[in-house]
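Commentary on secondary and tertiary structure
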Amino acid sequence: MTGETAHQKVRAEHLKRNAYLYIRQSTIQQVFHNTESTRRQYDLRRRAVALGWTDDHIIVIDSDLGQSGASAKDREGFQRLVADVGMGKAGIVLGLEVSRLARNSSDWHRLLEICALTETLILDEDGLYDPGHFNDRLLLGMKGTMSEAELHMLRSRLRGGMLNKASRGELQVPLPVGLSYDVSGKVVLTPDSQVQEVLYTLFKTYERTGSASAVVKHFNKNALEFPRRIRGQINKGKTVWGPLMHTRVLHILHNPRYAGAFVYGRMKSHKNANGKTSVNALPMDQWHTIIPDAHPGYITWEQYNDNLKTLRACSQAYGKDRRNHPPGRGPALLQGLVVCGVCGQRMTLRYHGRNGILVPDYVCQRHGIEYGKPHCQHIPGGNVDKAIEQLLLELVKPVTLEVAFTVQMEVQQRLKEADKLRYQKVQRAQYQADLARERFMNIDPRNRLVADQLEADWNEKLRVLSQAREEYEQQHNLDKTKLDKQCREKIMSLVKNFPKVWNDPATTDQQRKRMVKLIIEDVTMKRTAKNVDLDIRLKGGAVHHMTVAIPLNAWQARKTKPEIIDEIDKLIDHFTDEEIAENLNRRGIKPSESEEFSRIIVSRLRRENNLKCRYERLRERGLLTADEMAKELNVASITIKIWRRHGLLKGYKYNDKGERLFELGPKEIMPVKSQGLKYKLSERTKYEELVSHATNEVQVE
Ligand SMILES: [Zn+2]
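Residues numbered from 1 in each chain as written. Predicted model: local features only at pLDDT ≥ 70, side-chain atom pairs only at ≥ 80, totals over all residues. Heavy atoms only, no water.

**Notes on the packing of helix α8 (residues 193–209) against helix α10 (residues 246–254)**
In plain terms, the rule: Angles here are taken between N-to-C directions and fall from 0 to 180 degrees, while the axes themselves are lines fitted to C-alpha atoms, restricted in helices to the stretch in contact. What counts as a helix is a DSSP run of H or I of at least four residues, what counts as a strand is a run of E of at least two, and both are numbered from the N terminus. Our angle categories are set so that under 35 degrees counts as roughly parallel, over 145 as roughly antiparallel, 65 to 115 as roughly perpendicular, and the remainder as oblique. The contact criterion used is simple: two residues touch if any of their non-hydrogen atoms lie within 4.5 Å. When residue character is reported, Ala, Val, Leu, Ile, Met, Phe, Trp, Tyr, Cys and Pro are called nonpolar, Asp, Glu, Lys and Arg charged, and the others, Gly included, polar.
Direction vectors running N to C along α8 and α10 enclose 90°, while the axes themselves pass 11 Å from each other. Considering the angle they form, α8 stands roughly perpendicular to α10. Residue-level contacts link Leu 199, Leu 202, Phe 203 and Tyr 206 of α8 to Val 249, Ile 252 and Leu 253 of α10. Each residue belonging to the contact of α8 with α10 can be placed in one class, and the counts come to 7 nonpolar, no polar and no charged.

**Quick notes on the coordination of the zinc ion**
Put simply, the test is: Distances up to 2.8 Å from the metal define which N, O and S atoms are donors, and 3.2 Å serves for Na, K and Ca; water is absent from the atom set, so sites may look incomplete. Working rule for geometry: tetrahedral if four donors all subtend angles between 85 and 135 degrees; square planar for four, octahedral for six, if opposite donors exceed 155 degrees and the others stay between 65 and 115; irregular in every other situation. Burial classification: accessible surface area is computed with a 1.4 Å probe over protein chains only, and a residue below 20% of its type maximum counts as buried, one above 50% as exposed, and the rest as partly exposed.
All of the protein donors around the zinc ion are Cys 340 (SG), Cys 343 (SG), Cys 364 (SG) and Cys 376 (SG); their distances to the metal are 2.3 to 2.4 Å. The coordination sphere of the zinc ion comprises 4 donor atoms, whose angles at the metal cover 99 to 115°; the geometry is tetrahedral. Mapping the donors of the zinc ion onto the primary sequence gives the spacing C-x2-C-x20-C-x11-C. Separated by 12 residues along the polypeptide, Cys 364 in strand β16 (residues 357–364) and Cys 376 in the loop between α12 (366–371) and β17 (377–380) bring together distant segments of the chain. Residue classification places Cys 376 among the partly exposed residues on the basis of a relative accessible area of 31%.

**Quick notes on the packing of aromatic side chains**
The following threshold applies: Think of it this way: a Phe, Tyr or Trp ring, Trp meaning its six-membered ring, pairs with another when their centres are within 6.5 Å, and the plane angle makes it stacked under 30 degrees, edge-to-face over 60, tilted otherwise. Charge-over-ring placement is defined geometrically: NZ (Lys) or CZ (Arg) within 6 Å of the ring centre, and within 35 degrees of the ring normal.
Scanning the model with the defined rule gives 10 aromatic pairs in all. Taking the centre distance of 5.2 Å and the plane angle of 55° together, the rings of Tyr 423 and Tyr 472 count as tilted. Of this pair, Tyr 423 sits in helix α14 (residues 398–442) while Tyr 472 sits in helix α15 (residues 448–481), and the two are 49 residues apart along the sequence. Here Tyr 423 falls in the partly exposed class, since its relative accessible area comes to 39%. Centroid distance Tyr 615 to Tyr 654: 4.7 Å. Interplanar angle 70°. Geometry classified as edge-to-face. Highlighted residues: Tyr 615 in helix α22 (residues 614–620) and Tyr 654 in the loop between β21 (651–653) and β22 (660–662), separated in sequence by 39 residues. Exposure remark for Tyr 654: the relative accessible area of 21% places this residue in the partly exposed category. Through a chain of ring-to-ring contacts, the aromatic side chains of Tyr 200, Phe 203, Tyr 258 and Tyr 298 assemble into a single cluster. Here Arg 621 stacks its cationic end above the ring of Tyr 652, 5.6 Å away from the centre of that ring.

**Describing the environment of Ala 281**
Relative to the helices and strands, Ala 281 is located in strand β12 (residues 277–281). On the basis of relative accessible area, Ala 281 is assigned to the exposed category, the value being 60%. In this structure, the C-alpha to C-alpha distance between Ala 281 and Arg 266, residues 15 residues apart in sequence, is 5.9 Å. Apart from the residues lying within four places of it in its own chain, the contact partners of Ala 281 are Arg 266 and Met 267.

**Describing the pairing of strand β3 (residues 90–95)**
Inclusion rule: At least two bridges found by DSSP between two strands are what make those strands a pair.
Of all 6 residues in β3, 6 are buried, a share of seventy percent or more. Alignment of strand β1 (residues 18–22) against β3, held across 5 bridges, turns out to be parallel. Counted as the bridge partner of Tyr 22 is Gly 95 from β3. The pairing of β3 with strand β4 (residues 121–124) spans 3 bridges and is parallel. Residue pairing in the sheet places Leu 94 in a bridge with Leu 123 of β4.

**Here's the deal with the sheet that holds β16**
Reading across from one edge, β15-β16-β17 is the order of the 3 strands in this open sheet, with antiparallel pairing throughout. The sheet is open, and its two borders are formed by β15 (348–354) and β17, each paired with just one other strand. Averaged over all adjacent pairs, the angle separating strand axes in this sheet is 30°, with direction ignored. Inspection of the sheet shows β16 paired to β17 by 4 bridges, in the antiparallel sense. Counterpart to Cys 364 in the pairing with β17 is Gln 377. Taken strand by strand, helix α13 (residues 382–395) contacts β16 and β17, and its axis lies near 100° from that of β16.

**With respect to the sheet that holds strand β14 (residues 338–340)**
If you trace the 4 strands from one edge of the open sheet to the other, you get β14-β18-β19-β20, paired in mixed fashion. One side of each edge strand has no neighbouring strand; the edge strands of this open sheet are β14 and β20 (543–549). For this sheet the average axis-to-axis angle between neighbouring strands, irrespective of direction, equals 25°. In this sheet, strand β18 (residues 520–527) lies alongside β14 in parallel orientation, the contact comprising 3 bridges. From the neighbouring strand, Cys 340 faces β18, where its bridge partner is Met 525. On the sheet, α13 packs against β18, β19 (531–538) and β20 and is oriented at approximately 140° with respect to β20. The strands that helix α17 (residues 509–519) touches are β18 and β19; relative to β18, the one it contacts most, it runs at about 95°.

**Overview of a negative patch on the surface**
Threshold: Here a patch means residues that are over 30% exposed by relative accessible area and free of salt bridges, tied together within 9 Å if like-charged and within 5 Å if nonpolar (Val, Leu, Ile, Met, Phe, Trp, Tyr). Working definition of accessibility: Shrake-Rupley area with a 1.4 Å probe, residue cover restricted to the visible protein chains. Salt bridges are defined as contacts in which a side-chain nitrogen from Lys or Arg sits within 4 Å of a carboxyl oxygen from Asp or Glu. Neither His nor the chain ends is counted toward charge; the positive residues are Lys and Arg and the negative residues Asp and Glu. Positions of charges follow a simple convention, taking NZ of Lys, CZ of Arg, CG of Asp or CD of Glu.
Together, Glu 207, Asp 293, Glu 302 and Asp 306 make up a negatively charged patch on the protein surface. Its place among the elements puts Glu 207 in helix α8.

Okay, structure coming up:
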């Protein structure tokens with residue numbers, strides 16, 4: 001653009017409004033080091049004056065110094081500029097390489113649009129533009145696009161270089177504590193034996209206990225401190241010591257670098273619509289680079305993967321609820337301790353009554369309730385509780401305790417190791433104090449100011465030393481008192497009494513459950529076709545595996561033995577249901593442990609086992625109903641019944657209502673109508689009632 005055209009573009013209405021000078025430096029380093037461009041931006045101000053704006057009409061917006069131009073979000077200055085342009089307050093916007101006002105195309109085009117609408121001019125070092133003019137607008141648009149493309153290229157070039165280096169395992173990334181770069185840039189174990197030993201202790205303790213909390217507890221109990229590397233600007237890379245935290249243990253266990261593997265791309269960050277960045281961990285198969293055995297480590301790659309597996313298994317058992325509930329009233333021993341072996345949720349407890357006793361059921365229903373699906377699994381708990389009880393009585397025995405004491409010896413050994421580590425802390429403090437003393441001794445005493453400082457420093461170091469000594473002594477004495485002979489005897493006597501206490505009727509369910517909670521951490525249950533698989537995790541971390549049979553449900557438990565069914569089958573030939581029940585009861589045969597036979601039970605069993613009913617059997621034998629008989633004998637049905645009552649006909653009960661079927665004999669012995677005129681009914685020959693002769697023969701076996 002030439003000066004002439006520039007002057008033609010500036011009109012009186014532009015000059016009436018203000019000129020906005022927008023100054024931006026993207027990073028704080030640029031603010032400090034790139035004063036050159038800042039100077040160039042202020043030069044623009046003089047050009048605005050040359051174009052006719054007076055000094056007091058030029059507004060400088062530089063509140064975005066130190067902000068990146070990649071998005072307008074969080075850039076107050078840029079947003080103010082857009083707002084003022086939109087309200088028509090600006091006659092001209094001045095900026096160095098004006099397209100860099102916004103390095104994001106959409107921000108830039110928005111500004112252009114608004115400038116065009118409000119007839120605002122744009123000025124950069126290359127010239128003056130009127131966004132209302134098509135040509136100028138095209139040019140400005142191109143500039144914005146180029147600028148964005150440039151940013152993209154820059155970024156991808158940087159990132160590409162980084163990824164290439166990462167693929168070769170050569171990218172230097174900040175290392176976790178315990179690992180360091182040596183002078184040649186190779187990763188080595190931090191050359192500080194105390195740091196190393198503490199890390200080895202952490203991994204060993206985890207391997208032994210399988211629990212991050214147990215690691216923390218171990219460190220706390222032994223007053224062991226853990227190193228942390230400062231990442232900030234001040235004191236960067238320095239190691240400080242402090243108590244070990246649970247999250248720390250988890251981070252360390254998840255960090256593959258401790259297994260000597262080089263990895264890159266474990267996390268992925270992305271921006272959300274609010275412009276905020278969130279970081280997510282990726283699954284291992286999506287990591288950019290994994291190079292096992294790339295450098296020395298504290299554990300092997302296999303160990304690392306094993307640790308991850310245990311961590312995952314444990315995290316499944318982290319149901320929020322019911323875990324730490326105090327024992328409730330019911331008798332179920334495992335209340336609050338049961339984890340579903342299918343989905344890892346905590347299982348809920350239900351009771352159902354059977355013969356006046358509460359029987360527990362363990363149900364995994366959380367998922368089912370939340371997603372409206374059927375229960376994950378349902379385990380009748382009767383047998384489970386019995387098995388747990390037996391296991392406890394077995395575990396808490398003098399014999400097992402002997403084993404425990406042997407383990408205790410090992411613990412003593414570990415205490416010694418811990419003691420050594422703690423003593424190193426004292427030595428470290430001693431060394432620091434010596435150093436401070438030396439520094440103080442070597443200073444020229446006339447240099448009062450420095451001497452005072454060094455003396456104060458020495459005093460402080462001495463204080464730390466005496467504190468470290470004190471702590472060491474305390475813990476040392478504590479360790480010594482652990483499990484002396486007296487203590488052992490006390491434990492032994494408790495153990496001997498355990499079965500007595502457990503079985504004492506005065507012991508409540510709640511007390512029993514409390515005892516269970518002292519010994520058992522949790523129980524994972526999985527139902528198979530006929531059994532329940534139990535993994536019982538004890539407090540110490542040991543796992544007992546057990547399989548118990550699923551107790552029969554009410555119907556199955558009541559299910560009658562097949563021999564009895566056979567017997568009933570035989571009896572139906574001769575008796576009705578009620579008679580069969582009486583017969584069996586008389587002989588002391590029972591359908592289940594608690595019941596006696598009744599008409600209803602016999603008829604249910606008959607139906608359930610598809611036994612032919614008595615009616616059918618009699619019909620098969622050719623017996624006739626009263627109506628059929630009446631037809632045969634050419635009399636009314638009622639007559640048949642009367643004849644039967646008087647013994648003129650044979651009738652067989654086929655049910656307990658007294659309904660019968662009748663036997664049609666040879667014609668000559670059948671009664672005939674009007675016989676009654678000759679003889680009184682009562683005088684006629686009575687048929688013998690058919691009574692079974694089989695009663696004495698049948699035996700149930
Ligand atoms: Zn489940």
